[in-house]
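Each chain is listed here by its residues.
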Amino acid sequence: MISCAARELFEEVGVLLARGSRTLTTGQLASLLDDLESKRMSWPELLRHYGLHLDASDFTFVGRWVTPPFAPRRFDTWFFLVSSPPKQEPRVTPDSELESGEWITAREAHAKWERSEVIAVPPVLHALETLAGGLTDDLVERFLSVPEAHREPTRRIEFHPNYICFPVRTPTKPPATHTNCYLIYNSNEILVIDPGSPYGDEQAALAKCVDSFVTGARTVREILLTHVHPDHVAGVNALNDHLEKAQGARVPVAAHRVTAESLQNQVSVDRFIEDTEVLELNGEPAIKLRALDTPGHARGHLCFHDERTGALISGDNIVGYGSVLIDPPEGNMRDYLASLARMRALPQLSVLFGGHGPAIANPYEKIDEYIAHRRQREELILAAVREGASTPKEIVARVYTDVSPKAHAMAERAVLAHLEKLIADGLVSEQTDGEYLATQTKR
Ligand SMILES: [Zn+2]
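Definitions and limits used
Residues numbered from 1 in each chain as written. Predicted model: local features only at pLDDT ≥ 70, side-chain atom pairs only at ≥ 80, totals over all residues. Heavy atoms only, no water. Donors = N, O, S within 2.8 Å, 3.2 Å for Na, K, Ca; no water. Tetrahedral: all angles 85-135°; square planar, octahedral: opposite > 155°, others 65-115°. Helix = DSSP H or I, 4+ residues; strand = E, 2+ residues; numbered from the N terminus. Buried < 20%, exposed > 50% of the residue type's maximum accessible area, 1.4 Å probe, protein only. Core = buried A, V, L, I, M, F, W, Y, C linked by side-chain atoms within 4.5 Å. Phe/Tyr/Trp six-rings, centres within 6.5 Å; stacked < 30°, edge-to-face > 60°. Lys NZ or Arg CZ within 6 Å of the ring centre and 35° of its normal. 1 Å grid on protein atoms, 1.4 Å probe; cavity = no way out; pocket = protein on both sides within 12 Å on 5 of 7 lines; lining within 4 Å. Points joined across faces, edges and corners; volume = space filled by probe spheres on them.

> For this particular structure, what's the right way to read the coordination of the zinc ion?
Coordination sphere of the zinc ion, protein contribution only: His227 (NE2), His229 (ND1), His297 (NE2) and Asp316 (OD), at 2.2 Å. In this structure, the zinc ion is coordinated by four donor atoms arranged in irregular fashion, with angles at the metal of 86 to 173°. Each donor residue of the zinc ion lies on one chain, and together they are spaced H-x1-H-x67-H-x18-D. Placement of His297 in the loop between strand 11 (288–293) and strand 12 (302–306) and of Asp316 in the loop between strand 13 (311–315) and helix 11 (333–344) is noted, with a sequence separation of 19 residues between them. Accessibility assignment for this pair places His297 and Asp316 in one class, buried.

The following block contains the structure:
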């Protein structure tokens with residue numbers, strides 16, 4: 001692991017932490033890096049060739065973290081504390097996996113997170129907080145003072161201050177296995193968005209997390225729902241039962257009118273949220289969320305936009321993992337594309353907090369990618385219809401060649417959504433026998 005850490009450090013930021021490297025010139029270091037990146041030499045060969053060796057005492061173990069359950073890429077990562085050798089300075093190397101880099105103090109990096117200018121994953125945030133506390137004698141102890149530094153799975157993730165992402169296990173659409181519940185809080189109030197797990201153990205874990213934020217001064221104000229799907233609403237009643245026992249009263253549930261109607265007899269919705277309505281938390285810091293009616297994945301789908309920080313709770317319109325299914329009649333492709341365009345037009349989006357998977361730090365690129373993907377599918381589907389494919393099954397066989405046959409039933413639902421849009425656009429017509437034909441109009 002130490003050797004691995006030393007190699008990564010050299011490859012990604014150009015710092016070579018090997019004994020014997022101090023006499024190497026900057027030019028020699030650059031040629032070593034080139035030898036490694038061009039794979040002319042393996043890491044052990046390189047060390048041997050230049051008479052270098054690693055010393056374990058240069059690396060202080062400061063924790064081992066595993067990724068939260070929602071993440072598609074699994075990491076079980078060892079962290080070490082090292083001193084940068086003299087005359088070497090970390091920088092982003094040309095072939096690095098890093099997008100950008102700057103050399104700033106831990107305190108300043110942490111302050112950037114506090115100002116919501118950057119998002120940070122849990123081990124990085126912990127490292128920044130710990131280093132910002134100063135290089136004290138108990139530094140290593142402080143690094144190791146949280147259970148997550150000992151492989152305890154991370155459950156709550158504070159990508160932005162005051163925004164807690166708490167993924168809960170749900171019977172959702174594979175490959176996703178969890179739905180993100182969000183807790184947004186300030187000094188006085190907490191909003192809970194989409195408590196979606198039907199499982200008792202997960203409901204209990206969420207209740208415990210919510211309880212940890214409730215204080216004498218701070219209470220749960222409302223439970224908000226982004227949309228009607230079971231993996232977003234199945235834990236609402238359990239959470240409210242818990243809150244009734246714990247704090248003596250249920251909290252109001254708020255959702256779009258259409259969602260409320262669909263959920264009749266399952267969840268009682270106390271308040272309707274209207275398009276562009278602003279939800280403002282009482283207390284400090286001031287947090288204002290603007291509700292956006294963004295149907296397409298589901299009727300009555302809501303997103304919540306924090307105009308100060310540029311964060312957008314995107315529900316299932318954009319997700320960090322897996323794909324978004326548009327399944328008629330709940331799903332509507334025309335509405336969906338209009339909703340994506342509306343989200344794209346928001347000023348200063350900084351991050352998307354989706355219903356599944358990690359946060360998305362490049363919102364505009366991601367939305368553009370979603371729009372381009374749908375447009376491309378639509379063109380292929382229209383071309384297939386023009387070439388004589390007349391049923392969703394035939395169209396799937398021609399267009400969804402990249403999808404496994406097991407997923408074909410789902411792909412047919414998506415094709416149907418595209419066909420409905422093409423009919424509305426006047427490019428396709430549905431015959432009385434249920435077949436689809438291209439109209440004569442050319443684009
Ligand atoms: Zn959904």
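Structure's up, so let's keep going.
> Can you help me understand the nonpolar core in this one?
It is characteristic of soluble globular proteins that their nonpolar side chains tend to be buried jointly. Leu183, Val192, Val210, Ile223 and Leu225 are the most contacted members of the largest nonpolar core, which totals 28 residues. Going through the elements one at a time, strand 4 (163–169), strand 5 (178–185), strand 6 (189–193), helix 7 (200–213), strand 7 (219–224), helix 9 (236–247) and strand 8 (253–255) are the ones with two or more residues in this core. No other element matches the four residues that helix 7 contributes to this core. If you look at the next biggest cluster of nonpolar residues, it comprises 25 residues, including Ile157, Cys165, Leu191 and Ile273.

> Can you walk me through the packing of aromatic side chains in this structure?
Pairs of aromatic rings are described using the distance from one ring centre to the other and the angle between the two planes. Here the structure, examined in full by the defined rule, presents eight aromatic pairs. Where Tyr182 meets Phe353, the ring centres are 5.8 Å apart and the plane angle is 45°; that geometry is what we call tilted. In this pair, Tyr182 sits in strand 5 while Phe353 sits in strand 14 (residues 351–354), placing the two residues 171 residues apart along the sequence. The exposure class of Phe353 is buried, given its relative accessible area of 2%. By the ring-pair criterion, three or more aromatic residues cluster together here, those being Phe59, Phe61, Trp78 and Phe80. The aromatic ring of Tyr400 is capped on one face by Arg377, whose charged end is 4.1 Å from the ring centroid.

> I keep staring at empty space enclosed by the protein and nothing clicks. Help me out?
Any empty space left between the atoms is revealed when a probe the size of a water molecule rolls over them. Per the stated rule, a full pass over the model turns up three cavities of 30 Å³ or more. For the largest cavity, the calculated volume is near 40 Å³. Forming the boundary of the largest cavity are Val62, Trp65, Phe79, Pro123, His126, Ala127 and Phe143. If you list the elements that add at least two residues to the lining of the largest cavity, you get strand 1 (60–66) and helix 5 (122–132). Empty space within the second largest cavity amounts to approximately 30 Å³. Lining the second largest cavity are Ser116, His160, Pro161, Asn162, Tyr163, Pro285, Ile287, Arg308 and Thr309.

Purely geometric stuff here, so don't read any function into it on its own.
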